[in-house]
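# Report on the structure
Residues per chain are reported as follows:
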Amino acid sequence: MTAAAWYHRDISRVQAEELLAHAGRDGSFLVRDSESVPGAYALCLLFQRHVHTYRILPDADGLLAVQATQGVQVNCFRTLGDLILGYQNPRKGLVAPLLYPVMRESEPNDESSDGDDEKPGSTFATPPPRAMSPTSHPLPSSSAAPHLLLQRLQELSPNSLGCEIVTLLDEYLHGNVCKDLENMKGGASGLQHFQCILSRACVSLHSEIDQTLSSLETLAKVFDHPSGHHTFPTMQNTGKSPEENMDNLLHKLTALCNLLSSLEKRVLKALQEAVTNHNLSLQSATPPEAVTATKKHARPNPVHSFQVKVVRYGRQTVSVDIDAGVLLFDKKSGSFGVETVTHDRIVQLVKFQRGSAKLKMVVDSHHNPPRELVFESMKKREAFCRLLQLMKAAHSQQSELDVISVFVGTWNMGDTPPPASLQTWVTCCGLGLTPDESIASLPHDIYAVGTQDNPQSEREWVEHIRATLRSATNIDFKQVAVQSLWNIRLAVFVKPEHEGRISKVNTASVKTGLGNTLGNKGAVGVSLLFNGTSMGFVNCHLTSGSDKALRRNHNFQDILRLLSLGEKQLSTFDISLRFNHLFWCGDLNYRLDLDALDILKHVSKREFEELMCADQLTRERHRRKAFFNFRGEDFVSTHLSI
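Only a predicted model underlies this, so the values are computations on that prediction, with no experimental measurement involved. (Residues numbered from 1 in each chain as written. Predicted model: local features only at pLDDT ≥ 70, side-chain atom pairs only at ≥ 80, totals over all residues. Heavy atoms only, no water.)

## Topic: the overall build of the protein chain
For the protein chain, the count of helices and strands is 15 helices and 21 strands. Counting only residues that meet the buried cut, the protein chain has 38% of its 642 residues in that class. For the protein chain, the accessible surface area stands at approximately 36800 Å², while carbon and sulfur atoms represent 52% of it. (Helix = DSSP H or I, 4+ residues; strand = E, 2+ residues; numbered from the N terminus. Buried < 20%, exposed > 50% of the residue type's maximum accessible area, 1.4 Å probe, protein only. Areas by Shrake-Rupley, 256 points an atom, 1.4 Å probe, with all protein chains shown as cover.)

In structure tokens form, the structure reads like this:
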């Protein structure tokens, strides 16, 4: 049996992508043998400069089907040729219909194959679903070209207006298109019959523009706008040629654009005059001094104490007074009393890598011997460092910050409304790893909150988070941006005093559900500049299923390549290389490769190291298949799905 020309046998995935990239048209496709599953095929389809690969698997009866995600209807076909014909129509589950086969290069043994490795059961040499004329004439005298054009138009215009246009175009393609071509050969300067189609399609547009112009002229009079020269009587199309109708339509559109432009300028001028004449004042942004004063009076910072062992000096109590700007060393000895160290005397903090609870503090000068402090735990040491940073920032004379704190949270809400208060979440006081109580109530500078399967509207969710932050910190945080993709949301907030430091805010989203066409899975992102530091935030919801680790890896790679965030001149790089800091959160959906009973046994014994060894994400990171350039904190899961 002769192999179909779009079947490329055992070429590699890289070779297939090169062939499709060279073809360059959306809907170009080819079929090759699967590299990972013997006896299966890979359908490679080009859409929006990305090659989408679908696995074709045979069932027990030998029928072929495109592997689909859960919940998608599976269509079975007797041969590959039948499958290709079945997916030439839109909305069949692929990212685009199969329109343009990419032919393999002819080989000497193509004519005399014994059929064993010629797996496709029929040939397909042309892209449209209907047979093309065997001639190679460019004239659309056959029925294939009109059918192909109509099919494209129906895909783009499924609404009622589109159907009307389809009818007009059908009339044109099945009759008058040849007349226009003959007229062009005879020296005509335009497409007379096509202009008639345009004129008939735009009949309703005339009245809509007339009505819009009339409304805008009324609005212009309110602001004393001299718009008399923009008035146009309602034009009747009867009795006029198609050329005159189109010229009249273009004239109206130009007048509409001019009126909109001049009206906006006039409204702005009228408002400025109202402010001047009536002694009105537009409220300006709150000055930084007022914001700082509000921040300081919002809630006093308590004094926090830590039990430490000072090398060569024994045990002491160190207290941090942020508002006073001092450290107090209580040496617990009557002969020495309490030592006070002001914030400006602290030169440097050095954390020991081996001793996770050990800290070196340089006071006054690097020439002085540093003080080595040993805390009760690493959590206590990190809390002490955070309080010192806040103290130095509060009393610093510098206009810009050296260090800021960022909160990144993710939550799969499972389509369930949230509780009235989320304060334990934004203060990290839940069941997992928690900060020291001395810093749990301290507000962060930036909050990035990501959710999946969020049942609330975007506006409702943003207000819920702002109210939670206001309740937890007594600060009215400012919204930087919010981005949604179906029920996937990401909202970013900053302290009011940082609002002026934020610039170049961008948002984007990427769909990865069902061939990268549905937004039930995918990612949303926000990028910004904090002074000169670039930051990116990504919230994702990857493919679910215990056996879908490979698909999750592909989701990750698609998001890296396609999420359009950051500076345009860096768009050739994936997003992991575009920012000084990239924060990635979400429901990654990687699973544990263990039986449910074994998982419960390890959890009950708190044997989390054994669980991490069976974690798909840990394995894929070690294989450098996903998230291998990211650093993540260890955490105790608060959700178990069996």
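## Regarding the packing of aromatic side chains
Counted according to the given criterion, the structure contains 16 aromatic pairs. With a centroid separation of 5.1 Å and 45 degrees between ring planes, the pair formed by Phe375 and Phe384 is classed as tilted. The pair Phe375 / Phe384 is uniform in exposure class, with both members buried. Their ring planes at 75 degrees and their centres at 6.3 Å tell us that Phe556 and Phe630 sit as a pair that is edge-to-face. Residue Phe556 is located in helix α12 (residues 549–562), and its partner Phe630 is located in the segment after α15 (616–622); the two are separated by 74 residues in the primary sequence. Judged by relative accessible area, which is 2%, Phe556 ranks as buried. (Phe/Tyr/Trp six-rings, centres within 6.5 Å; stacked < 30°, edge-to-face > 60°.)

## Looking at the sheet that holds strand β19 (residues 518–530)
The strand order across the open sheet formed by four strands is β18-β19-β20-β21, and the pairing between neighbours is mixed. If you trace the sheet from one side to the other, it starts and ends with β18 (502–513) and β21 (581–587), each paired once. On average, adjacent strands in this sheet sit at an angle of 15 degrees to one another, irrespective of strand direction. Sheet strands in contact with α12 are β18, β19, β20 (533–541) and β21, and its direction is about 145 degrees off that of β18. (Pairing = 2+ DSSP bridges. Axes fitted to C-alpha atoms, helices over the stretch in contact; angles between N-to-C directions. Contact = heavy atoms within 4.5 Å.)

## Description of the pairing of β19
Across the 13 residues of β19, 11 count as buried, placing the element largely inside the fold. Relative to β19, β18 runs antiparallel, the two sharing nine bridges. Along β19, the bridge assignment pairs Val510 with Ala523. In this structure, β19 lies alongside β20, joined through nine bridges in antiparallel fashion. Looking across to β20, one finds that Leu528 is bridged to Met535.

## Topic: the nonpolar core
Core analysis: the largest hydrophobic core is formed by 23 residues, its most contacted members being Phe306, Val320, Leu327, Met361, Phe384 and Leu388. Elements that contribute at least two residues to this core include exactly β7 (304–310), β8 (314–321), β9 (326–330), β12 (358–363) and α9 (378–395). No other element matches the six residues that α9 contributes to this core. With residues near it in sequence (within four places) discarded, Met361 still touches Leu327, Phe329, Ile346, Gln348, Leu349, Pro370, Arg371, Leu373 and Leu388. (Core = buried A, V, L, I, M, F, W, Y, C linked by side-chain atoms within 4.5 Å.)

## Description of the sheet that holds strand β14 (residues 406–412)
Strand order in the open sheet formed by four strands is β14-β15-β17-β16, with mixed pairing between adjacent strands. One side of each edge strand has no neighbouring strand; the edge strands of this open sheet are β14 and β16 (478–485). Pairwise comparison of adjacent strand axes, ignoring direction, gives a mean angle of 10 degrees for this sheet. Across six bridges, the pairing between strand β15 (residues 446–452) and strand β17 (residues 488–494) is antiparallel. From the neighbouring strand, Gly450 faces β17, where its bridge partner is Leu490. On the sheet, helix α11 (residues 458–473) packs against β14, β15, β16 and β17 and is oriented at approximately 40 degrees with respect to β17.

## Considering a nonpolar patch on the surface
Judged by side-chain polarity, Met184, Leu191, Phe194 and Leu198 come together as a nonpolar surface patch covering roughly 300 Å² of accessible area. Structurally, Leu198 can be placed in helix α5 (residues 192–201). (Patch = residues over 30% accessible without salt bridge, like charges linked within 9 Å, V, L, I, M, F, W, Y side chains within 5 Å. Salt bridge = Lys/Arg side-chain N within 4 Å of Asp/Glu carboxyl O.)

## Observations regarding the pattern of salt bridges
For the coordinates displayed, the defined rule picks out 18 salt bridges. Salt-bridge contacts for Glu437 lead to Lys380; the nearest nitrogen and oxygen are separated by 3.1 Å. Placement of Glu437 in the loop between α10 (423–426) and β15 and of Lys380 in helix α9 is noted, with a sequence separation of 57 residues between them. Owing to a relative accessible area of 17%, Lys380 belongs among the buried residues under this scheme.

## Details of the environment of Leu191
By the secondary structure assignment, Leu191 is in the loop between α4 (160–185) and α5. Distance in space between the C-alpha atoms of Leu191 and Lys179 is 9.0 Å, their sequence separation being 12 residues. Contacts of Leu191, omitting those with residues within four sequence positions, involve Asp180 and Met184.

## A word on the confidence of the model for the protein chain
Overall, the prediction assigns the protein chain a mean pLDDT of 79, with 78% of residues at 70 or greater. Taken together, the stretch residues 108–119 has pLDDT below 50 and engages in 13 contacts with residues farther than four places along the chain or on a different chain. Below pLDDT 50 for its whole length, residues 636–642 participates in nine contacts with residues either more than four positions away or in separate chains. (pLDDT = per-residue confidence, 0-100.)

## Looking at the pairing of β15
Summarising burial for β15: seven of the seven residues are buried, a large majority. Judged by which residues are buried, β15 turns out to be covered on both faces: Ile446, Ala448, Gly450 and Gln452 on one side and Tyr447, Val449 and Thr451 on the other are all buried. Where β14 and β15 come together, seven bridges link them in parallel fashion. Paired with Val408 across the two strands is Ala448, which belongs to β15.

## Side note on unusual backbone geometry
The backbone of Asn531 sits at a positive phi, close to 55 degrees, despite the residue not being glycine. Relative to the helices and strands, Asn531 resides in the loop between β19 and β20. Non-glycine residue Asn589 carries a positive phi angle of around 70 degrees. The class of Asn589 is buried, set by a relative accessible area of 12%.

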